Amino acid sequence: ETGWLLPVSGLQHWLLGVPVDDQPAVLDWDDRGLLRSLQQDGWQIDYRRYQAVGGQHLPDRLQLERSALRVKVVIDEWQLP
């Protein structure tokens, strides 16, 4: 309805800090081995911050960009099954 083309197919993976399988990607890792940025499917995803959840680190601040569209995502709380 907004006219924005959001990356619905990749979003589930990107929110977890991993690329979509079987698609080319450019990855940049930080000193701790956490994904700092990801380029995939025409999107630039920058991981701004992680939080410890159940013994692993998950992103809680990220920014997705493609052309003139910029989406900032803030995750207040992760709930793992």
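Residues numbered from 1 in each chain as written. Predicted model: local features only at pLDDT ≥ 70, side-chain atom pairs only at ≥ 80, totals over all residues. Heavy atoms only, no water.

## Description of the pattern of salt bridges
Part 1 of the reasoning: Under the definition given, this model contains 4 salt bridges.
Part 2 of the reasoning: Residue Arg36 pairs with Asp28 through a salt bridge whose shortest N-O separation is 2.9 Å.
Part 3 of the reasoning: Across the salt bridge formed by Arg70 and Glu65, the nearest N and O atoms sit 3.7 Å from each other.
Part 4 of the reasoning: In this structure Glu65 comes out as partly exposed when scored by relative accessible area, which is 25%. (Salt bridge = Lys/Arg side-chain N within 4 Å of Asp/Glu carboxyl O. Buried < 20%, exposed > 50% of the residue type's maximum accessible area, 1.4 Å probe, protein only.)

## Structural notes on the environment of Gln51
Part 1 of the reasoning: With respect to the helices and strands, Gln51 occurs in strand E3 (residues 43-53).
Part 2 of the reasoning: Among residues more than four places away in sequence, those in contact with Gln51 are Gln56, His57, Leu58, Asp60, Ile75, Asp76 and Trp78.
Part 3 of the reasoning: Within the structure, Gln51 has its side chain in polar contact with the side chain of Asp60 (distance 3.4 Å). (Helix = DSSP H or I, 4+ residues; strand = E, 2+ residues; numbered from the N terminus. Contact = heavy atoms within 4.5 Å. Polar contact = N/O pair within 3.5 Å; in protein donor to acceptor, adjacent residues only side chain to side chain.)

## A word on the pairing of E3
Part 1 of the reasoning: Where strand E2 (residues 35-40) meets E3, 4 bridges bridge the pair, whose relative direction is antiparallel. Directly across from Gln40, in E3, lies its bridge partner Trp43.
Part 2 of the reasoning: From the end of E2 to the start of E3, which pair antiparallel, there are 2 residues, and Asp41 there has a positive phi angle of about 55°.
Part 3 of the reasoning: Two strands pair when backbone bridges link them, and E3 and strand E4 (residues 56-66) are joined in this way by 9 bridges, in the antiparallel orientation. Note that in E4 the partner of Ala52 across the bridge is His57. (Pairing = 2+ DSSP bridges.)

## Some points on unusual backbone geometry
Part 1 of the reasoning: Positive phi, close to 55°, is recorded for Asp41, a residue that is not glycine.
Part 2 of the reasoning: Summarising the element assignment, Asp41 is placed in the loop between E2 and E3.
Part 3 of the reasoning: On the basis of relative accessible area, Asp41 is assigned to the partly exposed category, the value being 44%.
Part 4 of the reasoning: Positive phi values are uncommon outside glycine, yet Ser67 reaches one of about 55°.
Part 5 of the reasoning: Structurally, the position occupied by Ser67 is in the loop between E4 and strand E5 (69-74).
Part 6 of the reasoning: According to the relative accessible area criterion, Ser67 is exposed, its value standing at 77%.

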